[in-house]
Amino acid sequence: MHQQTNAICQTIAAGQEYRRRRLQWNDRLFQENRQERGFLAIIPWHLCSHLNGGSEKVASQICDFALANDAVRATKFAANDAWGKYYRNIFGMAKMNQQLSILTGASAGATEAFVVVPFELVKIRLQDRASAGKYNGMIDCVTKIVKEEGPLAMYNGLESTLWRHILWNSGYFGVIFQIKSLLPEAKGKAQQVRNDLIAGAAGGTVGTILNTPMDVVKSRIQNSPKIAGSVPKYNWAWPAVGTVMKEEGFAALYKGFLPKVLRLGPGGGILLVVFTGVMDFFKNIRGDL
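Definitions and cut-offs
Residues numbered from 1 in each chain as written. Predicted model: local features only at pLDDT ≥ 70, side-chain atom pairs only at ≥ 80, totals over all residues. Heavy atoms only, no water. Helix = DSSP H or I, 4+ residues; strand = E, 2+ residues; numbered from the N terminus. Buried < 20%, exposed > 50% of the residue type's maximum accessible area, 1.4 Å probe, protein only. Areas by Shrake-Rupley, 256 points an atom, 1.4 Å probe, with all protein chains shown as cover. Salt bridge = Lys/Arg side-chain N within 4 Å of Asp/Glu carboxyl O. Phe/Tyr/Trp six-rings, centres within 6.5 Å; stacked < 30°, edge-to-face > 60°. Polar contact = N/O pair within 3.5 Å; in protein donor to acceptor, adjacent residues only side chain to side chain. Contact = heavy atoms within 4.5 Å. Core = buried A, V, L, I, M, F, W, Y, C linked by side-chain atoms within 4.5 Å. Patch = residues over 30% accessible without salt bridge, like charges linked within 9 Å, V, L, I, M, F, W, Y side chains within 5 Å. Axes fitted to C-alpha atoms, helices over the stretch in contact; angles between N-to-C directions. Parallel < 35°, antiparallel > 145°, perpendicular 65-115°, else oblique. Nonpolar A, V, L, I, M, F, W, Y, C, P; charged D, E, K, R; others polar. pLDDT = per-residue confidence, 0-100. Expected span 1.5 Å × (residues − 1). Arc of directions from axis to C-beta.

Draft legend 1. View of the overall build of the protein. Assigned secondary structure in the protein consists of nine helices and zero strands. The buried share of the protein, reckoned over its 289 residues, is 48%. With an accessible surface of roughly 14500 Å², the protein has 66% of that area assigned to carbon and sulfur atoms.

Printed below as a string of structure tokens:
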């Protein structure tokens, strides 16, 4: 049951992710098609599959999306917890405060970025309509990137990914701490879940507002193969932000914001509830509760 639920969630999330990428790449054909379908285009990703090489690509891309998401989720809270202990020890503080929450979130984001970059690169290349026939799945994509562009190409876009995850995690964990301090103290499991949902959803929304511009330029940087003797149009994060603003306007930095915030806003709340529940479960087993 849990596997079926996860598969459904990953499929829906992958659809939103696919749509967001195409918007961020400034894909004219996709945007024209999106205007014809309207708001419903956010959910039914299979209707978009003809833009990306046919339905046989769907299962492969959902798998790649799930692998990247699992890597992020596994790293996010583990790194935040580890950095929290480290900073509390350095600064001699028994408990977290607002400033430490932001600092540990940013540090966890940087750690997370190193894990997720290769997954993100492969996912972006597979979702690109222009290279639909070039790659036959994740392994083939990795093999061809390493062969044609070198092993370091797997970390194309690392700098922009660092900024993306630093901004999201600092906003996410910083807002969670602040919201939880303002909410009534939980007196029972139901109230704890309520507080976690509210704080996590608010944190996910704020983190998405903060990091979407970096997400836009990261997508374009990673979708630009390295060619010897040429300088990519999108290379470093902040200059790329300037280029997008200059050529397309400020609003272009928030392309794909709606599907992203619909996924990461509520998802941030669910993620916090699940993490808290799992941690409480293991604490109970160890007798810490």
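Draft legend 2. Fine view of the pattern of salt bridges. Evaluation of the coordinates by the stated rule reveals 15 salt bridges. Among the charged side chains, a salt-bridge network with shared partners connects E120, K123, R164, D215, K218 and K260.

Draft legend 3. Representation of the packing of aromatic side chains in the model. Enumeration according to the criterion identifies 13 aromatic pairs in this entry. Ring centres of W83 and Y86 lie 5.6 Å apart, and the angle between their planes is 85°; this geometry places the pair in the edge-to-face category. Residue W83 and its partner Y86 are located together in helix 3 (residues 56–91), separated by three residues, close to a single helical turn. W83 gets classed as partly exposed once you look at its relative accessible area, which sits at 28%. Overall, the relative accessible area of 44% leaves Y86 in the partly exposed class. Taking 6.3 Å as the distance between ring centres and 25° as the angle between the ring planes, the aromatic pair formed by Y87 and F91 counts as stacked. With Y87 and F91 both in helix 3, this residue pair falls four residues apart, about one helical turn. Through a chain of ring-to-ring contacts, the aromatic side chains of F77, W168, Y172, F173 and F275 assemble into a single cluster.

Draft legend 4. Spotlight on the side chain of S160. Take S160: it is sitting in helix 6 (residues 158–182). A polar atom in the side chain of S160 sits 3.0 Å from the backbone oxygen of G157. Among residues more than four places away in sequence, those in contact with S160 are M214, K218, I221 and A237.

Draft legend 5. A look at the nonpolar core. Core analysis: the biggest nonpolar cluster contains ten residues, these being M214, V217, I221, Y234, A237, A240, V241, V244, A252 and L253. Contributions of two or more residues to this core are made by helix 7 (189–222) and helix 8 (237–248). In this structure, A237 is in contact with E159, S160, W163, M214, V217 and I221, ignoring residues within four places of it in sequence. Judged by nonpolar contacts, the second largest core, of nine residues, contains F77, I176, L264 and L272.

Draft legend 6. Examining a nonpolar patch on the surface more closely. On the surface, L197, I270, V274, V278, F281, F282 and I285 cluster together into a nonpolar patch covering about 660 Å² of accessible area. Take the nonpolar patch: its biggest share by element is six residues, from helix 9 (residues 257–286). Within the fold, V274 resides in helix 9.

Draft legend 7. View of the packing of helix 6 against helix 7. Axis separation between helix 6 and helix 7 bottoms out at 7 Å; the angle between their running directions is 170°. Our classification of the angle between helix 6 and helix 7 gives roughly antiparallel. Residue classes in the contact of helix 6 with helix 7 are distributed as 14 nonpolar, ten polar and five charged.

Draft legend 8. Inspection of the confidence of the model for the protein at higher detail. Counting all residues, the mean pLDDT for the protein is 79, and 72% of those residues have values of 70 or more. Note that pLDDT drops below 50 for residues 1–14; the model gives that stretch 14 contacts with residues more than four away or on any other chain. Residue range residues 28–56 is modelled with pLDDT below 50. Its contacts to residues more than four positions away, or to other chains, number 51 contacts.

Draft legend 9. Representation of the packing of helix 4 (residues 98–127) against helix 7. The contact between helix 4 and helix 7 brings their axes to 9 Å, and the two run at 70°. In terms of their interaxial angle, helix 4 and helix 7 are classed as roughly perpendicular. Where helix 4 approaches helix 7, its residues V117, E120, L121, I124 and R125 are matched on the opposing element by K218, S219 and Q222. Its residues assigned to classes, the contact of helix 4 with helix 7 comprises three nonpolar, two polar and three charged.

Draft legend 10. Region of interest: the environment of P184. By secondary structure assignment, the location of P184 is in the loop between helix 6 and helix 7. You can call P184 exposed: its relative accessible area is 53%. Residues P184 and N195 lie eleven residues apart in sequence; the distance between their C-alpha atoms is 8.3 Å. Here P184 is in contact with R194 and N195, once residues within four sequence places are set aside.

Draft legend 11. How the structure looks around helix 5 (residues 138–149). With twelve residues, helix 5 extends 16 Å from end C-alpha to end C-alpha; this agrees with the ideal 16 Å at 1.5 Å per step. When we look at burial in helix 5, the residues that qualify are C141, I145 and E149. Considered in projection along helix 5, the buried side chains sweep an arc of 30° and stay on one side of the axis. Opposite the packed face of helix 5, turned more than 90 degrees from it, sit the exposed residues I139 and K147.

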